[in-house]
Amino acid sequence: FIGASLAAMVREFGWRQMAIISQNEALFTGVIVTLRKIFDNNNWVLDYSAVIDTNANPFPYETAFSWSKNRDFRIIVINSYQEYAYNILCEAFNRSMLPPEYVWITPLWYSSGWWR
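Positions within a chain are numbered from 1, following the residues in the order the chain's sequence is written. Thresholds applied to this predicted model are a pLDDT of at least 70 for local features of residues and 80 or more for the giving and counting of side-chain atom pairs; totals over whole chains, interfaces and linings are not thresholded and use all residues. Remark: hydrogens and water are excluded; side-chain values derive from all non-hydrogen atoms of the structure.

Chemist: I tried to follow the pattern of salt bridges on my own but got confused; where do I start?
Modeler: A side chain of one charge can pair with a side chain of the opposite charge when the charged atoms of the two come close. In the sections that follow, a salt bridge refers to a side-chain nitrogen of Lys or Arg positioned within 4 Å of a carboxyl oxygen of Asp or Glu. With the rule as written, the count across this model stands at 1 salt bridge. Arg95 is paired through a salt bridge with Glu91; the nearest N and O atoms lie 2.9 Å apart. When a residue's accessible area, from a 1.4 Å probe over protein chains only, is under 20% of the maximum for its type it is buried; when over 50% it is exposed; and in between it is partly exposed. Note on Glu91: relative accessible area 16%, which makes it buried.

Right under this line is the structure:
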């Protein structure tokens, strides 16, 4: 479902590529598999996918952002529970990966005000 929704958004906005940062649980990693199939079928590019170990201490920022030094992805999907998305977006802020140059996409099912 999430993969198909993301594909519809990519199609609607005329995007041809994106990256995804996903939590290491089957609920989230399955989306990467689905997205790869959809992107391959449409000749789009899933530039990068990172699966972060949310049990790691400290939080594995380098895994989530290992691509940021060598490549320039501008549309990034965060596919995780909201507490990890918060950490990822704080790190993105610290790295000046901000709109309008970057588009960060999070699930709509996060609770109201989750970023506070």
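Chemist: I tried to follow the packing of aromatic side chains on my own but got confused; where do I start?
Modeler: Geometry of an aromatic ring pair is reported as the spacing of the ring centres plus the angle between the planes. Only centres within 6.5 Å qualify two rings of Phe, Tyr or Trp (six-membered ring in Trp) as a pair; their planes then separate them into stacked at under 30 degrees, edge-to-face at over 60, and tilted for everything else. In total, this model carries 8 aromatic pairs according to the counting rule given. With a centroid separation of 4.9 Å and an interplanar angle of 90°, the aromatic rings of Phe28 and Tyr81 are classed as edge-to-face. Separated by 53 residues along the polypeptide, Phe28 in helix 2 (residues 26-41) and Tyr81 in the loop between strand 3 (75-79) and helix 4 (82-94) bring together distant segments of the chain. Since its relative accessible area comes to 2%, Phe28 is described here as buried. Between Tyr81 and Trp109, the aromatic rings sit 6.1 Å apart at their centres with planes inclined by 70°, giving edge-to-face as the arrangement. Note that Tyr81 is positioned in the loop between strand 3 and helix 4 and Trp109 in the segment after strand 4 (103-105), a separation of 28 residues in sequence. The exposure class assigned to Tyr81 is partly exposed, which follows from its relative accessible area of 29%. When its relative accessible area of 47% is taken as the criterion, Trp109 is described as partly exposed. What links up through ring pairs into an aromatic cluster is the set Phe28, Tyr81, Trp109, Tyr110, Trp114 and Trp115. Over a ring means this: the NZ of a Lys or the CZ of an Arg is within 6 Å of the ring centre and within 35 degrees of the ring normal. Here the guanidinium or amino end of Arg74 rests over the ring plane of Tyr102, the centre of that ring lying 4.5 Å away. Helix and strand definitions follow DSSP, with helices as H or I runs of at least four residues and strands as E runs of at least two, each counted in order from the N terminus.

Chemist: So what exactly am I meant to see when it comes to the pairing of strand 3 here?
Modeler: A regular strand places its side chains on the two faces of the sheet in alternate fashion. Where burial is concerned, most of strand 3 is hidden: 5 out of the 5 residues are buried. A strand pair is defined by DSSP finding two or more bridges across the two strands. Examined bridge by bridge, strand 1 (residues 17-23) and strand 3 share 4 bridges and lie parallel to one another. Within the sheet, the bridge partner assigned to Ile20 lies in strand 3 and is Val77. Call a crossover right-handed when, viewed with both strands pointing away from you, the route from the first strand across the helix to the second goes clockwise. The β-α-β motif built from strand 3, the intervening helix 4 and the parallel element strand 4 has right-handed crossover chirality.

Chemist: Honestly, the sheet that holds strand 3 in this entry has me stumped. Any pointers?
Modeler: Read from one edge to the other, the open sheet built from 4 strands follows the order 2-1-3-4, with strand pairing classed as parallel. Two strands close off the open sheet at either side, each with one partner strand: strand 2 (45-52) and strand 4. Strand-to-strand twist across the sheet, computed as the mean angle between neighbouring axes with direction ignored, equals 20°. Summarising the sheet, strand 1 and strand 2 pair through 7 bridges and their orientation is parallel. Looking at the pairing, Met18 lines up with Leu46 of strand 2. Only the stretch in contact is used when fitting a helix axis, every axis being a line fitted to C-alpha atoms; angles between N-to-C directions are given from 0 to 180 degrees.

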